[in-house]
Every structure is written in structure tokens, then in C-alpha cells.
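# Report on the structure
Below are the chains, spelled out letter by letter.
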Amino acid sequence: EQIDTLEQQRTKVVAERTNFLVKHHCNKLKEMLENFRTTVLKQIEDGVLTRGSLRAPGSQTAQGGPAQGGGSVFSNVWSFLGGRRNGPAASQPPASASHQGDRGANLTAHEVLELHLDGESYRILKETLSEAARQLTGDLRDSAEAEISHLEDLWRQMLEEVQKQLSICGRESIRDKIEVIIAEKAFLRDKEPLIGLLNKLQDAEGKKGGATMLRVLKNLKAGINELQSDREISNLLEAKNYTRLLKNHESLREMQAALKMWLSMVGGLNIGRIEEKTREHLSFLRDKAVKEVSMFNVRDPSFLVLTSLREFMQLIDQVEKAFPGEKQRSGQFLSDQCYKAFQRSVGEVLVEVKRVVTEGETLETAEKVALILIKNFAVTQELDITEWFRRYVEQHLMSQIGDQGKHFVGTAIKDQTGHSDAHVGEAARGILNLFPSFQTFNIELFNAKAGSVTFQDALSTMECLPSRPRNKNLETVFKAYDEVYNAEVNKIVQGLEHYDAEELRGNIMELCSSLTPVAGQLNQRCDEFGKLFGYVASSWTFLSCQNRRVGSEKKNVLQPHSTQVLGVCRLLDLDENKLENNLIQINTGEGKSVALGFTAVLLSLLGFSVDVVCYSRYLSERDYESFKGLFDFLAVSDSIHYSDFDGLSSRIVQSGEDVPNIREEFVSFLRGNHGSSQQDNLQVSTATTDKGPSKAYYYEVLQVSPSATQSEIKKAFNAERLKYHPDKQADPEDPIAKKQFHDVTKAYETLGDEAKRKRYDEAHERELNARAAAAETSSARAEESWSERMSGLFWGSSHSAGAASKAAGWPASWDVGAKLASTAAKKVLLLDEVDVFFSDSFYGQPYRPCKLLCDVEGGSQFGYNLLLYVWQNRGSLKNTPASISKLTGLPHTKNLLKVFPNLKYILDFELKRILDAVSRFPIGNEKPKFSPSEAQYQVDKTNPNFRRILYTDPTTGVPSISASHGYVTSFTYFYEAGRGEIDMNQLLDVQGVASSLIGMEPVCGVLSYSQIPRFYTFSLGMTGTLDCLTDTQNELLKQYFFSRRTFLPSTFKKQPLNAMRTSEQIETSVVRGSAEEYFSEVRDEIERELKNGRAILVVFSDLLQLKTFQAKLSNHPPDFPRYKEPQLLTDELANANRNTVVAKAIRPYTITLMTRSYGRGTDFVCQNQELVKNGGVHLMITFFPEDDSEGKQICGRTCRQDDPGSARKIIFEDDIVPLGASVKDYNAQTEQWDEYLSRCRLDKHTQRMTTMSAAHEDIMVKHNATIDACKAARQKNWDKAAELFLEAAARQEAMTTAGGISSLDVCFVMDCTSSMASHINSCQARVIAIAENLKQRVEEAGGSNATVRMSFVAYRDWATRNMTDGYSGGSVQYQDFTEDINLLREKVRAQNAEGGADGPEDVCGGLRAALGLNWRSEGRHLFLVADAPCHGSMYHSYRDSYPSGDPLGSKPEEQILKLMSDFKVSVHFIRLTVATDSMLQVFNQHLAAHQCKEIATVDLSSCQADGGVEFGEAVVQAVARSEWVHRS
């Protein structure tokens, strides 16, 4: 009983004590809850409350409860619990919590109170007290639960207060951000964020037109209206900052459209103020400009002032974009007034000049005439109508004043070139350049510059390698040259009309006959050679003066300068024992093309055949035209040829002199008539008529057989006559068509008459018999000679020329000494820039001659009909044995085999090529899958009766009639015919026979470009970059026996580049960060130089980068009043417009954006003294040059002759990746950027030269197979010939489809995030299987030497990315290209499916890694394997943590375009789900806009996990269908 009593007492005491403690701690919790409420509300108000701050790390004890004294407001309550319950468990916020809010704007009250550590502690404590209350009974329990209920009421009240405060602070946060945008006034830049903030503000207020929203919109409208306030407009007009003014107008227009709904709440936005004020100002400037132009009083101090005109033109050019049509309205009135002023001015000048001619000149009259013309020229420059001005002045002034008047006018203008006003001096020099009659005065200015360095000066500073003792030969040559040249030029200037040109030619021919026997050792006749050179130079001067009869004095005639004369003499080894392969360096812009022209003429006169080869067809044609007059005058045009290596190779092959005419040899092989080829040739060349042999075999002319009936002959005649009739030709004066028409008519005159035909046949038969008998006696000797030439075509790398010829068993005529003894055999290769040897288009590259069989008798209609059948049935034909068998059985194919029996050996191979080409043309409306070069064509419509396809020449940027892409071109004709662009009936003659554009076109074999120099007796070259060659390049030159090198000094008193700049101003800068930061750096540099009054040339690596920069510059121009939109110098520009752009580029405050191809061969010479005073041309290079030679050439666009200039490289960090460089590896403490990048580039260059050497060896195998095939065909060994022809062509085809030089790079870029878990294992297995399968296939096609390199890139997402490592670490992992499949297997299998916080993934990171790989094979393929799109809302409609796109600013479509255009990579996409479709569509639209083919897609969305077989086949087929281009 006592125990029971004690127990009851204890229970009562515990209950009372518990009740007391519950009440006590409830009261404590109430106090603490109030403190918690105050703390949270203060944090929200102060803007420091974010998801990240709700769970500050380290705020919990190891036992799980809050740390004592750790700052929690509930820490002292835990003394009651005494460890009976654990505190809140340590946990991490959910994934979404990593994205911090901003002033609580993205948080709810529940999130705040639940995530906050004190809130979680409160809930646990309240639950603990509730559990204690439930242990009580009766009144005590009711009392305790009432206390806890009161706590819950307080919690709910707190929720409401927190939510209210969050709403207020959220709106305030949004409002603050909008206020920042308003203050910065960058409305165009911030348009999208502004719209997003307004939407958020409306959501926060919960209604449309809330109080905060209206206040914000009123402030926004006021901020926007500040852009068109009278004060702002007046300030900008006064400062002439028209760029900012019109940018404000654009911002207003954009804001009016984008914010129409919002601004309508506050009365809308009116934007007409800027347009109104601008038009008023434009009219004001126009009226002032008219007054300036119409000022005729030469004595008036303001006569030459054109300030308002220049301002007007500056503004009108920019106004047109903002106010379309304004330029025409305002400009037309000004043009009319200018025309009236021109009429009056020219008329006044005409009167004055005529008076001078009759009465004599005065200084006052000369100045008046000059200033009037200079002013009018300056006006036309501003109006951009200088060509019209030239024609007008030529017609209304020059044609009426005679030579004396022209001389007076030219002299007067020349006297103004040194005028104190820089604009006047520039205009004076511009007129002298513009009019041929005044060229003499401009030449005088140039001669004065060039004459500052004498021959003795140049000779004393010339450097030679190897060094040699100086002798008197060069001085002897120059003395003789100078005497002859001065004597002849004096005769020319004394009376051009009396000069005896025939005597000049006679002197030249007399000297040539004496010098030709010692052409290889001219040092024996230095005096005679000097005289010959003097006479040749006199001829050049004489011809240049014929159209410039004004002011003939020696100082103003065109003449070689001393350095050019020295260069020619040194190149021809006048101071050596004999002529050898030799290289000369002449500085860029100092007349290299002139020196080469003289060298070509002199060699040709001495009996050599000369080929001048340049890297650019455009420059080659330009240089030839400049010397064509001299070539014709001295009758050496037939022995001098200018071309690029492509054109030279084609001519060598067609001539059949150094190598067999492979095309004709191949056709003879196909016909199976090689054994009788001599007789066939006789049939073509020795047919006779009644009057003797004819130059054409008449049956061949009419394309009928000798057994044809008279009716068939007449029918053929009608067809051929119609084909070549002048009315059917694009050019009625086409000499080829006229000759064909004449031959057809002549043939029918004989064959159409039976009696004449009979006599013709008899005479022809007699002639054939006689020729055949003569040929039989010499056939053995001829065959032996030809065989020897084929077996020893090339010099060995370790032999001299003579030793090599003996070692190779060549005939004596192929020895160097024998060549010099025989005029017909002497050939010289003249190189314009030696770096053509090191280009990708020469060393290790093949020349692939093809033969269109419709060019030859009988193959025309059959080949055309076969391709037409393939085109019409392309939907059912595949590149399979069944389709090939079907095509083989067609009548068209059988007929082809009748004409070309040996076509059977290569038929299957050619049919595969045909089917591969037609597979690029899908059925329906889908666009063809062209490669970039195949897509660069246009339909030439100049002749409406004969439209044809012309491809753009990448060198000249203009359409070329010789470029072809084989069967792809043939099917492109059918494609364009289906679109209505070409009428196929116009391409067919009346008999239905195809024109010579479409037909069977087999590859005849392969020749190596690198062997071309070996066909020449000597190889000589002039270059501007001889001192920039690397060790490997110098080693390559040794293979071509270049034994001597000469470095000539400058012709001018040249200023050093960057002479007036500090080291900081010229230091190469690599910009780290985003593309926007890089753009800002380049723009800031432009702005700095504009303020200095410079002309600025910005050089880009390709057209894509140029266009991207141009677009950004248009949206964010430099903040400089005199800024004008930059002009462009690209291959898209027509030839006729290039000189105009170049001339405009050299003016102060002018920006020119150009591609790297214009970094050489383009003359930017300052003629503006203001620009010279400001420092000349400033050059900005946005990439690291390919080598030192390119860098020197590009920098040579500034600081030309004696002009000042500067240059600087500013490069984006992504663009140094192809060099193998990275910001991470660079150490600024040990080296400058230039040193580091040069070191990386040298490593890449060494790899490239190694690859080129391997390519050279591979091409030589094909080259030799081609030569051997021709030999076998001559011996009628058809099987052997077919095997070799096919080997050369098939190896080449394999090379091209499987990787350029029998090598292939294949990269897989794979998404390895968690979403790929269902795919990644099977994809990994497929990648490995593909690697092994592809290597096996390529080795089968290309031989055991074939190489396949594989690479693997695994990307994930930014949540799993190591932000500091960039693409080289963190979430992006990669294996660079390797031939070790096991190494690749380990890398692939090491990947796990992990990471990826949201739907989109870091595709840009994967592509960025791919851009940094060591791509080097010519066959390059990238496969993107992904089931999710990239970041950026434009690519998908899913939740995205980075809706604006890649955090580093990259755009995947631009990365892919860069891979395709710069790295020549074929990009393929492995489609796994529909989620990537929108992204792929964006990619393809961007590629289409830049004329690139679409990404090839392999659809595996319906594949099972083990679908590796079809995947592997699809990938291998994609590689096999890669681009194959061959030249016509």
C-alpha cells in the first residue's frame, strides 16, 4: 500500500512537473519564436536571405543538435530535453537549392521557415512538447495542449507575415533591377532581361497594373524618353556623334515594339523626335554642303573647305539604315547641285587651259586650274563617284586640250601634292593616279622615293648564303645596263613618236643570239647581258610611255629600281660560275612581280621556256596582264606562262612532254587501240584533200565512220553545223567555235561530193601507208626512249641532276648539260613566293586528271543516257551489287562497252562512284547533301540559250569554267533542271546527244604536284619570306636543290613596324573569358585607333568570323563621333570592286574588315599625308598566323615603302586551341604570348610536315602506278594496265573516302549524364566495335599503311563540371586521337552515366573539347551522340538552368560550323530521342545560311540496346560518303 501510495504521489509530481515544464518551455518558445520572426523578417528586408544561407554549413553539432552558442535562438531550450531527442538531422538542400535566390524573390514563406535551421529546430521542439503533453491526463493535458495550440497560431501568423514581407521584397528586388537597366540606358542589350523582369513583377503583384508596376513603367518610359530629349539630341548633334544618335533611335523603335503591352498602361511611347531633328539637321548640312560645292572663287579662303559636305556624307550613310529612302531624297538634290558645279568648273578650266596654250601660262593660272580640279575631285570622292568624274573630265576636258594642255594641268596638280592642307595633297595625288595622262607625275613621285637607295647601296648591304667573296661581275652588269638604259630612255623622252622600236628589237635579238649558247653561264658575258637587260628594260619603259605622252622626262617614266635590277642579276647567278636553283628575298611591296617579269623575259629570250607559278590564280593573272605588252612586243608570249600549280599541272599533262598525256593515253586504253595509236593520230593529223594533207581528218570532224552513206554524212553535217553555228554560241566571236564551224563546212565540201570523197579516200590511204612505213623503222627507238622517260622521271633525293639522270637510265637529252645544249629542252620554273612548296595544296597532294567520255567519239549519248537513267531511278538504286548489276545490263552501258571495250575493267568501280554521287540528291523537296565546296556554285545565265553551272574559285572568289566535282556536277545539272533553272533541251543538240558537260567521267590516274619542279632544268624563285622558313621547310627545299639564297635590302628608307609604339601597345593579347569579352577588347582597340585618326585593317581567319564580328560591331559600335560602318574585303567581292575598297581603306577614320587571303598581294600604300602624320595604317590580326611567313606577309600590309604603320594581334582563347595551346598551360612569368604560341605552332608545324611527307610517299605510289599503267597500255597488256589504272584511281578513291592520305580521324562526342543510363552501355560497345570495324575496312581499302585514329569525348553538365578546369577537366573528359584501340576502349569503358541537374546538357563543352583535338588526317569525322539538347531556350522547350545558353558564351551551331569550315570535319548526329530535334533544326538552319551541307543524321531512336550492327554500318557508310573532289 505504501509503495502504491508512493507511486501515485510520484506520478502526480511528475505530471505536475511535466505540466509546469511544458507551460514554461511553451512560454520560452513563444519568446524565441518572436525573436525568430524578427530575425527572418530582418534578413528578408536586408536581402541576405537566400536558399544557400538558410542552411549555413557547420551550424550543427556532431550529435545532430544545434551547436551551443552557435547563434541559434533555440539553443538554450535543449537543456530541458537533455538529449532525450536528437536535433534536426544534418542534410543538404535539394538540388534546386543550389540556385540562390535574390532578396528572397524566388522563395516562399513555407520554404523559408522549413529550410531555416531555427525553423527546423522549432518544429522538433514543438513535437517534443506535444509528445510530453500527450503523456498527461485530464485537466493537465488540456492545459498543455492549449499552450501548444497557441504556439501553432503564432506560427501561422508568422507564415503570413513572412510571405507578405517576401512579396514586398521580391517586388522591390525586381524593381531595383529594372531601375539599373533604366540607369544604364542599354535597352537594346537588356531587352530580353527587361521583359522577363516585367513578367516576374506582374506575377509577384498577382494582377495587371499594380501600384509597383505602374511606378516602374513610368520610370521606364521616362528613361526611354531621355534618349530623345531635346538636350540629348542637341548634345549628340553638336558632338557629331551620329552613331549614338541613331542607335538611340533604334533603341526607341525596338522598345516601342517589344514593350507595347506594358507601356500602353502609362500612355504608350512616341518616338518621332529623333527622326524629326535628324532630318532637320540633314537638311541644314545639305544646304551648307551645296554652298561649299558651289563656291567658285579660288581666292576665297573657304574655297577648299568641304566640312559640311563631309559631315553630310557621314550622316547620310548612317541615316539610310534608320530612315530608309532618306539617302536618295536628300542625296539626289545634292547630286544635282554638284553636277551643275562640275559643269561650270570643268568649263572654266577648259577656257583657262586653252588660253594658256595660246598665250602662255602663269603661276596664278596654274594654281587656279589645279585647285578647281582638286576641289571637284575631293567632292566626287566624298560622293563616291570618282569613276564618273574621270569619264566626265576625259570627255569634256582632256579630249579637247591636247598634249600641251595635259602637261600643263598635270604639272599644276603635281605642284599641289605638297599642299599644307592634307586633304588637298591627298586629292592631288588621287587625280594623278586616276588619269592615265597624269601617271607620269605620279611615277615621278615614286621614282624619287625608290631612287634614295642606289645600286651600290643595295649591293653593299645584300646578304648571300652561302657567303662568297665579292667579285666585280654585278657591277660590270649594272654599268653596261645603266649605259644602255639611260641612252635609250633619253631617246624615248626626247621624242616618242620618232623612237625606233624596230632597232631596239634588233639589238635585243642580236645580243640573244650571242648569249644563248652560254645561257647557263652568263657570268662569262656580263657586259653583253647588262646591255641585253638594258634594252629589255628600255622596251618596258617605251611601252609604258606610249599611252602617256605628257611630260616625257626620265624622272617621270616607269623604270626598274636598283634593287629589282640587282635581284634579277643575282637570281640568274651573274656573279657565280653557273646557273643553279636559286632563291631571292625581296621585301613585300617592293616590286617582286616586276623583277619576276623581267627574269621571265630574259630567260625566254635566251631560249628557255618559262613557267611563272603563284599561289593565287588571281594574282597570277594580274601579273601576267601587267607584262603582257612586253611579252608581245618581244615575241616571247608563247614561251612564258603564268598560272597556279593547278593550271600548271593541267598544262603539263595535256602537253605530254614531261609525262604522257594521261587523258589521251587512258582513252586509248579504254578503246583498246593503243597499239595503233600512231596510226590513229595520223588519221587525225594527216588526212588529205585534192590539194594535199589537211589538218583534220574529215570523217572525224563530222563524227561519222569512213563507211557512212551520203545520207548519214549529210545528216551529220547538219547536226555539227548547227552545233557550232555562231548564232548558237555564247560568244559569236569564239575562235574555237569558228574554227570548228569552218572545219565542218570544209569537210562536207569534200565528203558531200562522191567524186571528191573518192579522191580524198585514195589520197588518204596512200599517205597512211607511207607514214606507217616510216613509223615502223623508228618505232623501236621511239618506244625505248619513251620507256626510259617513264622509268626515270624524277631525280633521286640524294643525287645531283646529272648523276640522277645517269642513275635512272634517262636518255642523254634528259641530262642538265644536254638540256642546256638543246634550246627545245630548256625549261625554267619561276616561283612567286616559295611558300607554295609548303602549302596543303602542293606537297603531298595529288593531281587527279579525269576524262569526260562525252568529249570523245561515241561516248556522248551513251554516258549521258546512263546518268539520266540513274537520276530518274535514284529512289530505287542503292550502292549495292544488285544495283550495279542492273546498271551493267542497261543498253546504255552495253553501248558504252562497244565503244570502249576496256571500260569493263573499271566499270564496277565507276558505277559505284556514280551511285555514291547520286545518293546526295534525295527524292522530293529535301535539299541535296552537298559538301561546302560542292554547294559553292551558281547557274550562269549570261547566255539565256546556254545556261551552265559554274563553281566559285576559292582563290579569286569568282565563277570558274574549269572547276568540276565529277558526277556530283553532272547530277547537279539534273537537279537544277528539275527546279527550272536549266533547260536540259538547250544542253542537247538536235540529235539528242549530250553536250560536253554530262557523261561518264572516270579518273585517269594520279600525279603528284610535288614532282612538278623536277620537270625543269632550273627552279628559281623570289619571295618576301625567305628569312621566315623553319628547319623542316629548309630541309624540304634541299630536296629541290636550291643551293643559293640572297637577301636584298629595302628599296626605300623603310620605317620599322611599330616604331612609334610602346611594348604594351604592340604586345600580343589573348583574351580569356566569353566571346563578348573578346569582341569588346577588339572594339576598344578599334576605338582607340580611330581617335588617333588611323586607318584600321582587321584581318580574320575566315569569312564566318568576319561576318560574326561585323554583326556585333553593328549592334555595339565604338563610341566615336566619326565612326562609320566598316567596309569588307572578302572573296564575295567582285574583282572590279576590290581596287575601290583597297583605295578607300587607306584613309583616316576608315575601318576595313578582311579575310586572311588579302593579307598578301594587296597593296595598301598611304597617299594621305594626314594619315601618315597620324601614324599610318594600324593592322589588327585576330588569329595567330599559320607560320612566320604568313605573319610577315600580313604585317606587310602596313608600313609599306617608307610609310609608318603598326600591327597587333588580339586573339580569343578558343582560337589558340588548334595550335595545341591553352591559357592554362601559359606561364606569363617565363615568356610572352608570341613566344609561347610560336613554340606551340612549331610543334604543330612539325606534325604537319611529317603528315605531308607521309602523304607524299603515298601519292608517289599512285603516281608511279599511273605511269606504269600508261606503259602497260602501250604494250597492249590490257590486264596489267587495267589493274594499275584501277589501283591508282581506287587507292585515290579510298584515300578520299577514308581519310585523305589513307588516314582517317574519327571522333565520338558522347553525352554521359544520368539520362543516358539506358543507352550508354550499348553506345559504348558500339563505339568500340565501330573503331575496330572502321580500321579494318580502311586498311582493306588503303593498304597496310592506312592509319585510323580514334578519339572519344565524354561530356556531362555544369552541375558536375569543375569550373576552374574548363573543358580539359571536370565534367568533360577526353582521349585525344590515337591509333591504339585498346587505349580508346579503356577510356570509353571508364565512363559512368552520372550528373545532369536539368534536362539540357553541356553540348558546347563537348564540342569545345573536339575543337581542341589534334585533327590532322584529311578524312575527318565527328559523331555527336546525345539524347538531350544543349543549354539555351532557343534549342528546346524544357526546364533549363541556363536559358540564355552556354555559360561561357559559346554557340554550338558556330562550333559545328567552325569544325566543318575551318577544320574540314564532316559532322554526323546520332539521334536517340525526339528531345534533340529542335536543336538539330537550329544547327542545320545556321549551316544552310552559310552554304554548308546539313548534319548527317543516324536515327537510332527505335533501335534496341543491342542495335550495334546497324549503328556500325551507318557510321562506316557515313564515312565512306565523305567528300571527294577532283578537278577538271
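Small disclaimer: the values here were computed from a predicted structure and weren't measured.

Counting its secondary structure elements, the chain contains 55 helices and 26 strands. For the chain, with 1528 residues in total, the buried portion stands at 54%. Contacts in the chain between residues at least 24 apart in sequence constitute 78% of all its contacts with a sequence separation of at least 6. With the model as given, the accessible surface of the chain reaches about 65,600 Å², and the carbon-plus-sulfur share is 48%.

Let us now look at the packing of helix H15 (residues 363–383) against helix H17 (residues 422–434). Between two packed helices, the angle of one axis relative to the other and the distance separating the axes together describe the packing. It is at 9 Å that the axes of H15 and H17 come closest, and there the two elements cross at 85 degrees. Put simply, H15 runs roughly perpendicular to H17. Across the interface between the two elements, Leu373, Ile374, Phe377, Ala378 and Gln381 of H15 pack against Val424, Glu426, Ala427, Ala428, Gly430, Ile431 and Leu434 of H17. Residue classes in the contact of H15 with H17 are distributed as nine nonpolar, two polar and one charged.

Summed over the entire model, instances satisfying the criterion amount to 56 salt bridges. Residue Arg244 is joined to Asp1119 by a salt bridge in which the shortest nitrogen-to-oxygen separation is 2.6 Å. Placement of Arg244 in helix H10 (residues 242–258) and of Asp1119 in the loop between helix H44 (1103–1115) and strand E17 (1127–1129) is noted, with a sequence separation of 875 residues between them. Exposure remark for Arg244: the relative accessible area of 34% places this residue in the partly exposed category. Residue Asp575 pairs with Arg570 through a salt bridge whose shortest N-O separation is 2.9 Å. Judged by its relative accessible area of 4%, Asp575 falls in the buried class. Here the residues in one salt-bridge network are Arg570, Asp573, Asp575, Glu576, Glu580 and Arg1044, joined through shared partners.

Our focus in this paragraph is the sheet that holds strand E14 (residues 1044–1047). The seven strands lie next to each other as E1-E14-E2-E13-E7-E3-E4, forming an open sheet whose pairing is mixed. Every interior strand has two partners, whereas the edge strands, strand E1 (463–465) and strand E4 (640–643), have only one. Pairs of neighbouring strands in the sheet enclose a mean axial angle of 15 degrees, with direction left out of account. Relative to strand E13 (residues 1018–1023), strand E2 (residues 582–585) runs parallel, the two sharing four bridges. The residue of E13 that forms the bridge with Ile584 is Met1022.

Here we come to the pairing of strand E7 (residues 827–832). Summarising burial for E7: six of the six residues are buried, a large majority. Of the pairings in the sheet, the one linking strand E3 (residues 609–614) to E7 comprises six bridges and is parallel in character. Bridge pairing in E7 places Ser609 opposite Lys827. Strand direction decides the pairing type here: E7 and E13, joined by five bridges, are parallel. The residue bridging Asp832 from the neighbouring strand is Met1022, located in E13.

Pairing is antiparallel in the open sheet, where three strands are placed in the order E9-E10-E11. The open sheet has two edge strands with one neighbour each: strand E9 (937–940) and strand E11 (959–960). With respect to the sheet, helix H40 (residues 967–978) is in contact with E9 and strand E10 (948–952), its orientation differing from that of E10 by roughly 125 degrees.

Helix length check: helix H13 (residues 307–322) (16 residues) gives 23 Å between terminal C-alpha atoms against 22 Å at 1.5 Å per residue, within 8%. Maximal helix bending in H13 amounts to about 25 degrees, located at Ile316. Among all positions in H13, only Ser308, Leu309, Glu311, Phe312, Met313, Gln314, Leu315, Ile316, Gln318, Val319 and Ala322 are buried. On its buried face, H13 sits against H10, helix H12 (273–293), helix H14 (326–359) and H15.

The next point concerns the nonpolar core. Counting residues in hydrophobic clusters, the biggest one holds 87 residues, and the most contacted among them are Leu198 and Leu259. Not counting chain neighbours up to four residues away, the residues in contact with Leu198 comprise Ile178, Met213, Val216, Leu217, Leu220, Leu259 and Trp262. The next biggest cluster of nonpolar side chains, apart from the first, holds 85 residues, and it includes Val667, Phe669, Tyr847 and Ala1265.

Turning our eyes to something else, we now look at the packing of helix H23 (residues 562–571) against helix H24 (residues 592–605). Look at H23 against H24: their axes get within 9 Å of each other, and the N-to-C directions meet at 45 degrees. Classified by the angle their axes make, H23 and H24 are oblique. Considering the relative orientation of H23 and H24, their crossing is right-handed. On the side of H23, the interface is formed by Gln564, Val568 and Leu571, while H24 contributes Val594, Ala595, Phe598, Thr599 and Leu602.

Going through the model one piece at a time under the given rule, you end up with 50 aromatic pairs. Judged by centre distance (6.0 Å) and plane angle (35 degrees), the ring pair of Phe627 and Phe631 falls under tilted. Of this pair, Phe627 and Phe631 are both found in helix H25 (residues 617–633), four residues apart, which corresponds to roughly one turn of the helix. By relative accessible area, which is 0% here, Phe631 ends up buried. Aromatic pair Tyr937 and Tyr951: ring centres 6.0 Å apart, planes at 65 degrees, arrangement edge-to-face. Of this pair, Tyr937 sits in strand E9 while Tyr951 sits in strand E10, and the two are 14 residues apart along the sequence. Each member of the pair, Tyr937 together with Tyr951, is buried. Note that Lys826 overlies the ring of Phe608, its terminal NZ or CZ placed 4.6 Å from the centroid.

We now examine helix H27 (residues 662–671). For H27, a buried count of eight out of ten residues is recorded, marking the element as mostly surrounded by other parts of the structure. Along H27, the residues classified as buried are Ile662, Arg663, Glu665, Phe666, Val667, Ser668, Phe669 and Leu670. Among the residues trailing H27, Gly672 stands out with phi positive, at a value near 75 degrees.

Attention now goes to the side chain of Thr1313. If you trace the backbone, Thr1313 turns up in the loop between strand E21 (1303–1311) and helix H50 (1317–1342). Among the residues examined, Thr1313 registers a relative accessible area of 0% and is labelled buried. For Thr1313, the side chain forms a polar contact with the side chain of Asp1311, separated by 2.8 Å. A polar side-chain atom of Thr1313 sits 3.3 Å from a polar atom in the side chain of Glu1401.

We now examine the environment of Phe1109. Mapped onto the elements, Phe1109 comes out in helix H44. Distance in space between the C-alpha atoms of Phe1109 and Val1082 is 9.4 Å, their sequence separation being 27 residues. With near-sequence residues (within four places) excluded, Phe1109 lies in contact with Phe1079, Val1082, Ile1086, Phe1100 and Leu1153.

Cis geometry marks the peptide bond from Leu465 to Pro466; its omega dihedral reads -5 degrees. With respect to the secondary-structure elements, Pro466 resides in the loop between E1 and helix H20 (473–494). Positive phi, close to 60 degrees, is recorded for Phe1041, a residue that is not glycine. Within the secondary structure layout, Phe1041 lies in the loop between helix H41 (1031–1039) and E14.

A word on the environment of Ala719. Its location among the elements puts Ala719 in helix H30 (residues 710–724). Exposure remark for Ala719: the relative accessible area of 6% places this residue in the buried category. Measuring from C-alpha to C-alpha, the distance between Ala719 and Leu702 comes to 8.8 Å, with 17 residues separating the pair along the chain.

Procedures and definitions
Here the residue index of a chain counts from 1 through its sequence in written order. Only residues with pLDDT of at least 70 are given local features in this predicted model, and only at 80 or more are side-chain atom pairs given and counted; all residues enter the totals for whole chains, interfaces and linings. The basis for every side-chain value is the complete set of non-hydrogen atoms in the structure, without hydrogens or water. Put simply, DSSP H or I for four residues or longer makes a helix, DSSP E for two residues or longer makes a strand, and each gets a number counted from the N terminus. Only protein chains enter the area calculation, which uses a 1.4 Å probe; residues under 20% of their type maximum are buried, those over 50% are exposed, and those in between are partly exposed. Any two residues whose heavy atoms approach within 4.5 Å at even a single point are treated as in contact. Calculation of accessible area relied on Shrake-Rupley with a 1.4 Å probe; when residues are assessed, cover is drawn exclusively from the protein chains displayed. Lines fitted to the C-alpha atoms define the axes, with helices restricted to the stretch that makes contact. Angles between their N-to-C directions range from 0 to 180 degrees. Just so you know how the angles are binned, under 35 degrees is roughly parallel, over 145 roughly antiparallel, 65 to 115 roughly perpendicular, and the rest oblique. Here the term charged refers only to Asp, Glu, Lys and Arg, the term nonpolar to Ala, Val, Leu, Ile, Met, Phe, Trp, Tyr, Cys and Pro, and the term polar to all other amino acids, Gly among them. One side-chain nitrogen of Lys or Arg within 4 Å of one carboxyl oxygen of Asp or Glu is enough to make a salt bridge. Paired strands, in this sense, are two strands between which DSSP finds at least two bridges. Take the residue count of a helix, subtract one, and multiply by 1.5 Å to get its expected span. What we call the bend at a residue is the angle made by axes fitted to the seven residues finishing there and the seven residues starting there. We call a set of buried Ala, Val, Leu, Ile, Met, Phe, Trp, Tyr and Cys residues a nonpolar core when their side-chain atoms join them within 4.5 Å. In this scheme, a crossing is called left-handed if the near helix is turned counterclockwise away from the far one by less than a right angle; it is called right-handed if the turn is clockwise. Planes of paired rings set the category: under 30 degrees apart is stacked, over 60 is edge-to-face and the rest tilted, where pairs are Phe, Tyr or Trp rings (Trp by its six-membered ring) whose centres lie within 6.5 Å. By the criterion adopted, a ring carries a charge over it if an Arg CZ or a Lys NZ lies within 6 Å of its centre and within 35 degrees of its normal. Pairs of N or O atoms are called polar contacts if they sit within 3.5 Å, as long as, within protein, a hydrogen donor faces a hydrogen acceptor (for residues adjacent in sequence, only side-chain-to-side-chain pairs).

Purely spatial values, then, with no claim about function.
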